[in-house]
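# Inside the fold
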Amino acid sequence: MRANLSAFITGLALAGTVSVARAEDAEILQKPDPTAILDIAKGFGSARMDKDDNGDPMISGRIDGVKYAVYFYGCEDHENCKSLQFSTGYTDPLTEEQANAWNKKYRWVKAYAGDGSNFKMDVSFAGGITRANLEEQFSNWNAMAGNIKDFVSGK
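Residues numbered from 1 in each chain as written. Predicted model: local features only at pLDDT ≥ 70, side-chain atom pairs only at ≥ 80, totals over all residues. Heavy atoms only, no water.

## Notes on the overall build of the protein
From N to C terminus, the protein includes four helices and eight strands. Starting at the N terminus and ending at the C terminus, the protein contains elements arranged as α-β-α-β-β-β-β-α-β-β-β-α. In the protein, which comprises 155 residues, the proportion classed as buried is 32%. In the protein, once contacts between residues fewer than 6 apart in sequence are set aside, the share between residues at least 24 apart is 50%. With an accessible surface of roughly 9600 Å², the protein has 51% of that area assigned to carbon and sulfur atoms. (Helix = DSSP H or I, 4+ residues; strand = E, 2+ residues; numbered from the N terminus. Buried < 20%, exposed > 50% of the residue type's maximum accessible area, 1.4 Å probe, protein only. Contact = heavy atoms within 4.5 Å. Areas by Shrake-Rupley, 256 points an atom, 1.4 Å probe, with all protein chains shown as cover.)

Below, the structure written as structure tokens:
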């Protein structure tokens, strides 16, 4: 009986440890914190903090040889932003046919015809998201970087 009670107490202690770890992963982020996002970005490649043309925060980075930027949107006085957008572009514009072919094949990152930022992925913080979910967004972008590079090079 004592051995069963000891095993039960040990099991409860382990369950409590797992719950604490999950609680940290489940921290809800109500807005994109530029410093925290830069920290996550550095885990996927080179990244540095910049400012966009409006003075809002912007992260410039490189994943799998693909240059990208993370733009912060819905900012109030360059702070308290509401959403993010991953973006990369190439000097050779995509045609509508190329953009449509990409969008038919891939779900998370959208392609746009014309000059400038041809590939974009939005992340909303409405209602809050977990840090784990934000890391997953970077993981999605990371996974798509090679596909973008291959698509643009015609592979």
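So much for the structure itself; the text now carries on.
## A short note on the environment of Asn80
If you trace the backbone, Asn80 turns up in the loop between strand E4 (66-73) and strand E5 (83-94). Spatially, the C-alpha atom of Asn80 lies 9.7 Å from that of Pro34, the residues being 46 residues apart in sequence. Not counting the four nearest positions on each side in its chain, Asn80 is found in contact with Lys31, Gly74 and Cys75. A polar contact is formed between the side chain of Asn80 and the side chain of Lys31, at a distance of 2.6 Å. (Polar contact = N/O pair within 3.5 Å; in protein donor to acceptor, adjacent residues only side chain to side chain.)

## Some remarks on the side chain of Asp56
Within the secondary structure, Asp56 sits in the loop between strand E2 (46-51) and strand E3 (57-63). Buried charge without a salt bridge: Asp56, with Lys51 as the nearest opposite-charge side chain at an N-O distance of 8.6 Å. Only 2.8 Å separates the side chain of Asp56 from the side chain of His78, close enough to count as a polar contact. (Lys, Arg positive; Asp, Glu negative; His and termini not counted. Salt bridge = Lys/Arg side-chain N within 4 Å of Asp/Glu carboxyl O.)

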